[in-house]
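Each chain is listed here by its residues.
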Amino acid sequence: MATEELVLKITGLKTNFYTYEGVVLALDGVELFLRRGDTMGLVGETGCGKSVTARSILRLVEPPGKIEEGEIIFFDSDDRSGKITPIDLLQLHPEEMLHVRGKRISIVFQDPATFPNPVFRIGTQIAESVLLHQDLSREVVEMKIGEMRNSLTGDLPEERRSQVVEKIRYYEQQLDEPPEPDDKDKKKAAQIVAEEMLKLVKMPSPSSVMMQYPHELSGGMRQRALIAMALVCNPEILICDEATTALDVTVQAQVLNLLNELKKEIGASIIIITHDMGVVAETCNWVSVMYAGTTVESCATVDLFANPVHPYTAGLLTAVPKLHDTRERFPQIRGTVPNLITPPSGCRFHPRCDYCTEICKKEKPELKEHRPGHWVACHNPLS
Amino acid sequence: MKLRDFILRRLILAIPVVFGVMTMTWFLSYIIGNPVAMYINTNTPASAIPAIRRAHGFDEPLYVQYFLYLSGLFQGDWGISTSTSFRPVTEIILLKFPATIELSMIAMIFAIVLGIPLGILSATHKDQKIDHIMRIFALAGVSMPIFWFALMLKHVLYFQLAIAGLPHLPGGERYTLIRYLSFKYTTGFLLIDSLFFYGDFTLFVDALLHLAMPGFCLGYLTIAIITRMMRSSMLEVLREDYITLARSKGLTERVVIYRHALRNAMIPTVTVIGLAFGSLITGAVLTETIFNWPGLGKWAVRAIFSSDLAAINGFTLLVAFIFVTANLVVDLIYGVLDPRIRFG
Ligand SMILES: Nc1ncnc2c1ncn2[C@@H]1O[C@H](COP(=O)(O)OP(=O)(O)OP(=O)(O)O)[C@@H](O)[C@H]1O
Ligand code: SF4
Ligand SMILES: [Mg+2]
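First things first, this report covers the structure right here in the doc. Residues take numbers from 1 onward in each chain, read along the sequence in its written order. The order in which chains are written sets their letters, starting at A; the order in which ligands are written sets their numbers, starting at 1. Per-residue local features are limited, in this predicted model, to residues with pLDDT of at least 70; the limit for side-chain atom pairs, both in listing and counting, is 80 or more; totals at the level of whole chains, interfaces and linings are taken over all residues. Values shown for side chains rest on all heavy atoms present in the structure; no hydrogens or waters enter the calculation.

Examining the overall build of chain B
Line of reasoning, step 1. The helix count covers DSSP runs of H or I at least four residues long, the strand count covers runs of E at least two residues long, and both are numbered beginning at the N terminus. If you tally the helices and strands in chain B, you get 13 helices and two strands.
Line of reasoning, step 2. Its C-alpha atoms put chain B at 80 × 60 × 40 Å along the principal axes.
Line of reasoning, step 3. Counting all 344 residues of chain B, 46% fall into the buried class.
Line of reasoning, step 4. Pairs of residues are marked as contacts when any of their non-hydrogen atoms sit within 4.5 Å. The long-range fraction of contacts in chain B, counting pairs at least 24 apart against all pairs at least 6 apart in sequence, stands at 71%.
Line of reasoning, step 5. As displayed, chain B has an accessible area near 17,000 Å², and 71% of this comes from carbon and sulfur atoms.
Line of reasoning, step 6. Neither His nor the chain ends contribute to the count of charged residues, in which Lys and Arg are positive and Asp and Glu negative. Just so you know, the charge point we use is NZ for Lys, CZ for Arg, CG for Asp and CD for Glu. With 27 positive and 20 negative side-chain charges, chain B shows a separation of 5 Å between the mean positions of the two kinds. Three labels apply to residues, based on accessible area from a 1.4 Å probe with only protein chains included: buried if under 20% of the type maximum, exposed if over 50%, partly exposed otherwise in between. Each accessible area is a Shrake-Rupley result for a 1.4 Å probe, and residues are judged covered by the shown protein chains and nothing else.

Here's the deal with the sheet that holds strand 10 (residues 294-300) of chain A
Residue and element names in this part refer to chain A.
Line of reasoning, step 1. Overall, mixed pairing links the eight strands, which are arranged 6-7-8-3-9-10-12-11 in an open sheet. Whereas interior strands pair on both sides, the edge strands pair on one side only; in this sheet they are strand 6 (105-108) and strand 11 (368-371). Each adjacent strand pair in this sheet contributes to an overall mean axis angle of 20°, direction not counted.
Line of reasoning, step 2. Two elements, strand 3 (residues 39-43) and strand 9 (residues 286-291), share four bridges in a ladder whose sense is parallel. The partner of Val 43 across the bridge, within strand 9, is Val 289.
Line of reasoning, step 3. All axes here are fitted lines through C-alpha atoms, helices being fitted over the stretch that makes contact, and every angle between N-to-C directions spans 0 to 180 degrees. With respect to the sheet, helix 9 (residues 249-266) is in contact with strand 3, strand 7 (237-241) and strand 8 (269-273), its orientation differing from that of strand 8 by roughly 160°.
Line of reasoning, step 4. Each of strand 9 and strand 10 touches helix 12 (residues 311-318); the most contacted strand, strand 9, lies at about 105° to it. Only strands joined by at least two bridges in the DSSP assignment are considered to pair.

Brief notes about the pairing of strand 7 of chain A
Look at any regular strand and the pattern is simple: side chains alternate between the two faces of the sheet.
All names here are of chain A.
Line of reasoning, step 1. For strand 7, the buried fraction is high: five of the five residues fall into the buried class.
Line of reasoning, step 2. Covered by surrounding structure in strand 7 are Ile 237, Ile 239 and Asp 241 together with Leu 238 and Cys 240, the residues of both alternating faces.
Line of reasoning, step 3. Alignment of strand 6 against strand 7, held across four bridges, turns out to be parallel. Its bridge partner lying in strand 7, Ile 105 is registered against Ile 237.
Line of reasoning, step 4. Across five bridges, strand 7 lies against strand 8 in parallel orientation. In the strand pairing of strand 8, Ile 237 is matched with Ser 269.

As for the sheet that holds strand 1 (residues 6-18) of chain A
Residues and elements named next belong to chain A.
Line of reasoning, step 1. Spatially, the four strands line up as an open sheet ordered 2-1-4-5, and their pairing is antiparallel. A strand with exactly one partner marks an edge of an open sheet, and here the two such strands are strand 2 (23-35) and strand 5 (84-88). With strand direction ignored, the average angle separating the axes of adjacent strands in the sheet is 5°.
Line of reasoning, step 2. Packed on one face of the sheet, helix 1 (residues 50-57) meets strand 1, strand 2 and strand 4 (65-77) and runs near 115° to strand 1.

Here's the deal with the pairing of strand 1 of chain A
Residues and elements named next belong to chain A.
Line of reasoning, step 1. Of the strand pairs in this sheet, strand 1 and strand 2 are connected by 10 bridges, and their pairing is antiparallel. Opposite Thr 15, over in strand 2, you have Leu 27 as the bridge partner.
Line of reasoning, step 2. In this structure, the hairpin formed by strand 1 and strand 2 is closed by a connection of four residues, where Gly 22 is found at a positive phi of approximately 145°.
Line of reasoning, step 3. With eight bridges joining them, strand 1 and strand 4 adopt antiparallel strand pairing. Each bridged residue has a counterpart across the sheet, and for Ile 10 the counterpart in strand 4 is Ile 72.

A look at the nonpolar core
Line of reasoning, step 1. The nonpolar core is taken to be a set of buried Ala, Val, Leu, Ile, Met, Phe, Trp, Tyr and Cys residues, with the residues joined through side-chain atoms within 4.5 Å. By size, the foremost hydrophobic cluster in this structure holds 105 residues, and its most contacted members are Leu 8 and Leu 89 of chain A.
Line of reasoning, step 2. Not counting the four nearest positions on each side in its chain, Leu 8 of chain A is found in contact with Leu 32, Phe 33, Leu 34, Ile 57, Ile 72, Ile 73, Phe 74, Phe 75, Ile 237 and Ile 271 of chain A.
Line of reasoning, step 3. Counting residues in each nonpolar core, the second largest holds 73 residues, with Phe 204, Ala 207, Leu 218 and Leu 337 of chain B among its members.

Considering the site of ligand 1
Residue and element names in this part refer to chain A.
Line of reasoning, step 1. Residues are counted as near a molecule or strand when any one of their heavy atoms sits within 4 Å of it. Contacts to ligand 1 come from 14 residues, most closely from Thr 46, Gly 47, Lys 50, Ser 51 and Val 52.
Line of reasoning, step 2. Here a polar contact means two N or O atoms within 3.5 Å. Within protein one must be a hydrogen donor candidate and the other an acceptor candidate, and residues neighboring in sequence count only if both atoms are side-chain atoms. Note that an oxygen atom of ligand 1 is positioned 2.4 Å from one of the side-chain N or O atoms of Thr 46.
Line of reasoning, step 3. Interatomic distance of 3.3 Å between a backbone N/O atom of Cys 48 and an oxygen atom of ligand 1.
Line of reasoning, step 4. When ligand 1 sits alone it has 620 Å² of accessible area, and the protein chains cover 67% of it.
Line of reasoning, step 5. Residue contributions to the shell around ligand 1 peak at three residues, all from helix 1.

What about the packing of helix 9 (residues 201-238) of chain B against helix 11 (residues 253-290) of chain B?
Residue and element names in this part refer to chain B.
Line of reasoning, step 1. Two numbers describe how helix 9 lies on helix 11: the axes approach to 8 Å, and their chain directions differ by 155°. The angle between helix 9 and helix 11 places the two elements in the roughly antiparallel class. Where helix 9 crosses over helix 11, the two elements pack in a sense that is right-handed. Oblique is the label for every angle not falling under 35 degrees (roughly parallel), over 145 degrees (roughly antiparallel), or within 65 to 115 degrees (roughly perpendicular). When the near helix sits turned anticlockwise from the far one by under a right angle, the crossing is termed left-handed; a clockwise turn instead gives a right-handed crossing.

Observations concerning the interface of chain A and chain B
Line of reasoning, step 1. On the chain B side, the residues contacting the 25 residues of chain A number 21 residues.
Line of reasoning, step 2. The junction of chain A with chain B conceals about 2,200 Å² of combined surface from both sides, 60% of it contributed by carbon and sulfur atoms.
Line of reasoning, step 3. Within this document, salt bridges are pairs made up of a side-chain nitrogen of Lys or Arg and a carboxyl oxygen of Asp or Glu, the two lying within 4 Å of each other. Counting across the interface, chain A meets chain B through three salt bridges.
Line of reasoning, step 4. One salt bridge in this structure joins Lys 249 of chain B and Glu 128 of chain A, with 2.9 Å as the shortest N-O distance.
Line of reasoning, step 5. Taken together, chain A and chain B are joined by 11 residue pairs in polar contact (both at pLDDT 80 or more).
Line of reasoning, step 6. With five residues, the single largest contributor to the side of chain A that touches chain B is helix 3 (residues 122-133) of chain A. As a working definition, buried area equals the accessible area (1.4 Å probe) given up by two parts on being put together, with both sides summed.

Description of the environment of Tyr 30 of chain B
Residue and element names in this part refer to chain B.
Line of reasoning, step 1. Among the structural elements, Tyr 30 can be located in helix 1 (residues 2-32).
Line of reasoning, step 2. A residue is classified by how much of its surface remains accessible, and Tyr 30, at 29% relative accessible area, is partly exposed.
Line of reasoning, step 3. Along the sequence, Tyr 30 and Phe 6 sit 24 residues apart, while their C-alpha atoms lie 38 Å from each other.

A closer look at unusual backbone geometry
Residues and elements named next belong to chain A.
Line of reasoning, step 1. Between Pro 63 and the following residue, Pro 64, the backbone shows a cis peptide bond with an omega angle of 10°.
Line of reasoning, step 2. With respect to the helices, strands and loops of the structure, Pro 64 is situated in the loop between helix 1 and strand 4.
Line of reasoning, step 3. Positive phi values are uncommon outside glycine, yet Arg 59 reaches one of about 50°.
Line of reasoning, step 4. Looking at where Arg 59 falls in the secondary structure, it is placed in the loop between helix 1 and strand 4.
Line of reasoning, step 5. Taking relative accessible area as the criterion, Arg 59 reaches 22% and is therefore assigned partly exposed.
Line of reasoning, step 6. Positive phi, normally seen in glycine, also occurs at Asn 234, with a value near 50°.
Line of reasoning, step 7. Given a relative accessible area of 46%, Asn 234 falls into the partly exposed group.

The values are spatial; any link to function lies outside them.
Shown next, in the form of structure tokens:
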């Protein structure tokens, strides 16, 4: 895949957890690539390492976890010039990483009940990111002009009116080169930006939600608030880690639709982590399948549903129930998810694979372009 | 609006508790001895006793006595302290309370100013050297009996240094008696009096030096309790999802800890602080005795030794009120710290 299209490229990512039971080899050479403007689904059974991958990208893996090796290249594009600079996130100084988190790459987590901070107002929590990452000098001037304009609508003596008009003109001149605003104005402007964001995520009555605490909102509203927090600084990449799993089905659909719409609005590339193939079919144009800490298949969504090439993906897809399904029993992949402390040698899927050959037990298959636009990690791909 | 309702509700809830305590002390004075004992001592002529009985209503039926007792309490008649030259209990409490409060406040300041940062430090450096040191320090604090610690402290920082002719901390009293003779208090709080009413800075420093040892000694247990509480609740909070969210926003570790984690971790710690304040007053009994501190604790000890029932009752009531007030304040701080509580 041509690198100029990519916005994120992960190669050979290994992350371990050092637990009392032993070293959990949670990620063992994850390979992912995300094209600019794509929505990629990241799927796999529970425990296969989707969340750990997401956290590794932002270097949010907490002890006892540790990212051991690999490359996570983020192709950062400058907002103004459009110039693209590749950055290896794993080599970045921790302080520089702070400028990536929440600003260039943000994440929406699984559980809207536990992720917002219970003791701060929603508005404060969104505005916090704005204050942290945005310059706001222009917004402050715009805010002042807005305030002036508002005062014009009221009853003003002629003399005062002309003063205000004069002031507006003065501020409008500042717009090209806005001066450094003071903290109070900045905070006010951040609140306005935050409220705009709540409107964008279709939060009902956004101005009152600004002043509310997380426990006063419903699950769907909280999830919208979390999405607003993630999107408020216009990130290049948005990672949604099972952002809809904890919600009931109708709310889930609403949030997914919202993401689809927002994508057009903000132009971010999105990674949707899920184990719901239906979600992938509806929202993603690209999909990567993970198994036990490795990437096993990666291709366009239509391609995956039509022609899965990896035995695991094929099994996964036949296990998805369909409407008018007449099957009495759903086929399942035999065996169980491997223990990641002592994972199977070679291909981690081999004990469960019907196509397993000698080489599979010894050698780990690499992710290769099996046919144009379809990557697979298997010694004996299906077709 | 909501906060006001919350405060009102908590205040109303405190009323039965206060009544309960008053009833309990009344009941106990019957169990321990004859309530007339509150008003007499060994020098009272036997012939005067029936008159005293009548004067205080002790020959009335029990329920009348109960109401007399309650109305007495509300009117400020808490009995006569026989061990303190027959002066009214309320008068002595008013006189000695500031000394105890001043000492407890200093202890509390020690506890909060040291306990909270040490707890945070311990949590953020979990299992590192600094954490181990903190934990030993805290363990010592909760397991050392206060009187032993007080004696040791006094022995080393006062006796030994004084014997060696080195600069040392004062070993007792609120100020250097020889230098200031009998100081006329205005508010009773020496730090405030010396600075604001007399403008005597050397006396202020003298008072601070006198407070240092008993204050730390009294506070050590509380420092230890707060450190431990802060450490464990901080560790718990740092594992919460909203901390991950805060980190994912790109906030610095400092902001994550001091803005996002601290406020949440303070919620359980505040309870402990409130309860500890109540126990500081009782802890003062030992500390004041050892450091010869002219406060309520020392007075209560003497009252116990001379079976001064009114004084004991008065002290018990006072401690109970302080506990109730401290709990009330804790509840209020809770409501401020945790928005979820106001609706609970
Ligand atoms: N804190 C931890 N300590 C030890 N092991 C961990 C920890 N976090 C994750 N792991 C291990 O990493 C593996 C991957 O976990 P991860 O949370 O990424 O799974 P997932 O694919 O997101 O699953 P789910 O669909 O249930 O969210 C798991 O097998 C788990 O054992
Ligand atoms: S590499 Fe071998 S064991 Fe692994 S999926 Fe392919 S065929 Fe099966
Ligand atoms: Mg997960």
